[in-house]
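Each chain, written out:
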Amino acid sequence: MSMDHVSVDWDRARDTNRANWDDRVPIHEGAYAIDELSDPTRRSDVVRDDLPALTPWLPNGSLAGLDVCHLQCHIGTDTVSLAREGARLTGVDFSPAALASAAGLATRLGLDITWVETDVLDARAAVTGDFDVVYTSIGTITWLPDLDRWAAQVAGLLRPGGVFFIRDGHPALYALDETADELVTRYRYFPDGTAQQWDDAGTYAGDGTVANTRTFEWPHPLSEIVNALLGAGLRLRRLDEGRTLPWRFSPRMKDTGDGSWAWPDVDRDRIPVTYTIVATRD
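In what follows, the accompanying structure is described. (Residues numbered from 1 in each chain as written. Predicted model: local features only at pLDDT ≥ 70, side-chain atom pairs only at ≥ 80, totals over all residues. Heavy atoms only, no water.)

A short note on the sheet that holds strand 5 (residues 131-137)
Strand order in the open sheet formed by seven strands is 4-3-2-5-6-12-9, with mixed pairing between adjacent strands. Whereas interior strands pair on both sides, the edge strands pair on one side only; in this sheet they are strand 4 (114-117) and strand 9 (234-242). Averaged over neighbouring strand pairs, the angle between their axes works out to 15 degrees when direction is ignored. Its contacts with the sheet place helix 6 (residues 147-157) against strand 2 (67-71), strand 5, strand 6 (158-169), strand 9 and strand 12 (274-281), and it is angled at close to 140 degrees to strand 6. (Pairing = 2+ DSSP bridges. Helix = DSSP H or I, 4+ residues; strand = E, 2+ residues; numbered from the N terminus. Axes fitted to C-alpha atoms, helices over the stretch in contact; angles between N-to-C directions. Contact = heavy atoms within 4.5 Å.)

Focus on the environment of Arg84
Among the secondary structure elements, Arg84 is positioned in the loop between helix 3 (77-83) and strand 3 (88-93). Residue classification places Arg84 among the buried positions, given a relative accessible area of 17%. Spatially, the C-alpha atom of Arg84 lies 28 Å from that of Ala262, the residues being 178 residues apart in sequence. Beyond its immediate stretch of four places on either side in the chain, Arg84 contacts Leu37, Ser38, Asp39, Pro40, Arg42, Arg43, Leu109 and Leu111. Among the polar contacts listed, one links the side chain of Arg84 to the backbone oxygen of Asp39, at a separation of 3.0 Å. Looking at Arg84, its side chain comes within polar contact range of the main-chain oxygen of Arg42, at 3.2 Å. (Buried < 20%, exposed > 50% of the residue type's maximum accessible area, 1.4 Å probe, protein only. Polar contact = N/O pair within 3.5 Å; in protein donor to acceptor, adjacent residues only side chain to side chain.)

So, the packing of helix 6 against helix 8 (residues 222-231)
Packing of helix 6 against helix 8 leaves a shortest axis separation of 8 Å and a crossing angle of 45 degrees. Between helix 6 and helix 8, the crossing angle belongs to the class labelled oblique. Helix 8 is crossed by helix 6, and the crossing has right-handed handedness. Between helix 6 and helix 8, the contacting residues are Leu147, Asp148, Trp150 and Ala151 on the first element and Glu224, Ile225, Ala228 and Leu229 on the second. Class assignment of the residues belonging to the contact of helix 6 with helix 8 gives a composition of six nonpolar, no polar and two charged. (Parallel < 35°, antiparallel > 145°, perpendicular 65-115°, else oblique. Left-handed = near helix turned anticlockwise from the far one by under 90°. Nonpolar A, V, L, I, M, F, W, Y, C, P; charged D, E, K, R; others polar.)

As for the environment of Val127
Counting through the fold element by element, Val127 comes out in the loop between helix 5 (123-126) and strand 5. Between the C-alpha atoms of Val127 and Thr90, which are 37 residues apart in sequence, the distance is 8.4 Å. With residues near it in sequence (within four places) discarded, Val127 still touches Thr90, Val92, Val116 and Leu157.

Quick word on the pattern of salt bridges
According to the stated counting rule, one finds 23 salt bridges in the structure shown. The partner of Asp11 in a salt bridge is Arg14, and the shortest N-O contact between them spans 3.2 Å. Note that Asp11 and Arg14 are positioned in helix 1 (residues 10-31) at a spacing of three residues, about one turn of the helix. For Arg167, the salt bridge goes to Asp50, with nearest N and O atoms at 2.4 Å. In this pair, Arg167 is assigned in strand 6 and Asp50 in helix 2 (residues 45-54), connecting sequence segments 117 residues apart. Residue class for Asp50 comes out buried when judged on its relative accessible area of 1%. (Salt bridge = Lys/Arg side-chain N within 4 Å of Asp/Glu carboxyl O.)

Concerning the packing of aromatic side chains
A complete count under the given rule lists seven aromatic pairs for this structure. Here the aromatic rings of Trp21 and Trp143 are separated by 5.4 Å at their centres, their planes lie at 80 degrees, and the arrangement is edge-to-face. Taken as a pair, Trp21 in helix 1 and Trp143 in the loop between strand 5 and helix 6 lie far apart in primary sequence, 122 residues in all. Taken individually, Trp21 and Trp143 each receive the classification buried, so the pair is uniform in this respect. A ring pair is formed by Tyr189 and Phe190, whose centres lie 4.9 Å apart and whose planes are at 85 degrees; its orientation type is edge-to-face. (Phe/Tyr/Trp six-rings, centres within 6.5 Å; stacked < 30°, edge-to-face > 60°.)

So, helix 8
Among all positions in helix 8, only Leu222, Ile225, Val226, Ala228 and Leu229 are buried. Looking down the long axis of helix 8, one finds its buried residues gathered within 160 degrees of arc, a one-sided arrangement. Where helix 8 is buried, its residues meet helix 6, strand 6, helix 7 (171-174), strand 9 and strand 12. One or two residues past the end of helix 8 sits Gly233, with phi positive at roughly 95 degrees. (Arc of directions from axis to C-beta.)

Structural notes on helix 2
Those residues of helix 2 that sit buried are Val46, Val47, Asp50, Leu51 and Leu54. Buried residues of helix 2, viewed axially, fall in a sector of 125 degrees; they line one side. Looking at the buried positions of helix 2, the neighbouring elements they touch are helix 3, strand 5 and strand 6.

Shown next, in the form of structure tokens:
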């Protein structure tokens, strides 16, 4: 795995990233424990962890009967899990391969979900209707160069009174050297206009490799994320930081036994690994 800082236009970066994410689909279909979702009581590990943070902000403390837009839904394991809470789901992603996989999963599970293929930065124009909840979680906004435009899509999709929820890897985590034997920073925390160009045949889940190894990502400090949402007119309702991840960021991380990973005890309280934001539209 290698990384360089480069200037790249969004069209090229998006198309390059999409080819990589298309390649990830068959690997992730094997790694995401999809077969376990045949149990109607099963929820993805991500949604299982997100629901207690999301539902207190919802009418009647439940997703039942609500319209939910899941941005950057990938192969749909979290989307179908949200639908099983009684919500009407629209899943949005830029990868046709991922959406085909997601649609097949929903059909097998007997769930009626709308799927929309679009760049998330154009989501408002591509998606029909508005929503009680816009949801995105884990591995999302580092793929986007323009958070003001992203936040505008979120605000545009929400109905008045609607709730936005995001949980993602903490930008302080992404600044760390994932290969080091201790907590050492290696990558930029603050943006400088360039992208991080990665060349890596692996992926965060599963043992396969991808043919399209190049990707582009952008660092976004927590202040930029919050200010983008505020700038879009949303009201920040809660900000939390967490100690466990739903993927193994570093070989030093330990399996917690419930689908999550954490630093060894000596480091667990030293740095956050996720953040969670709840915001609403007035």
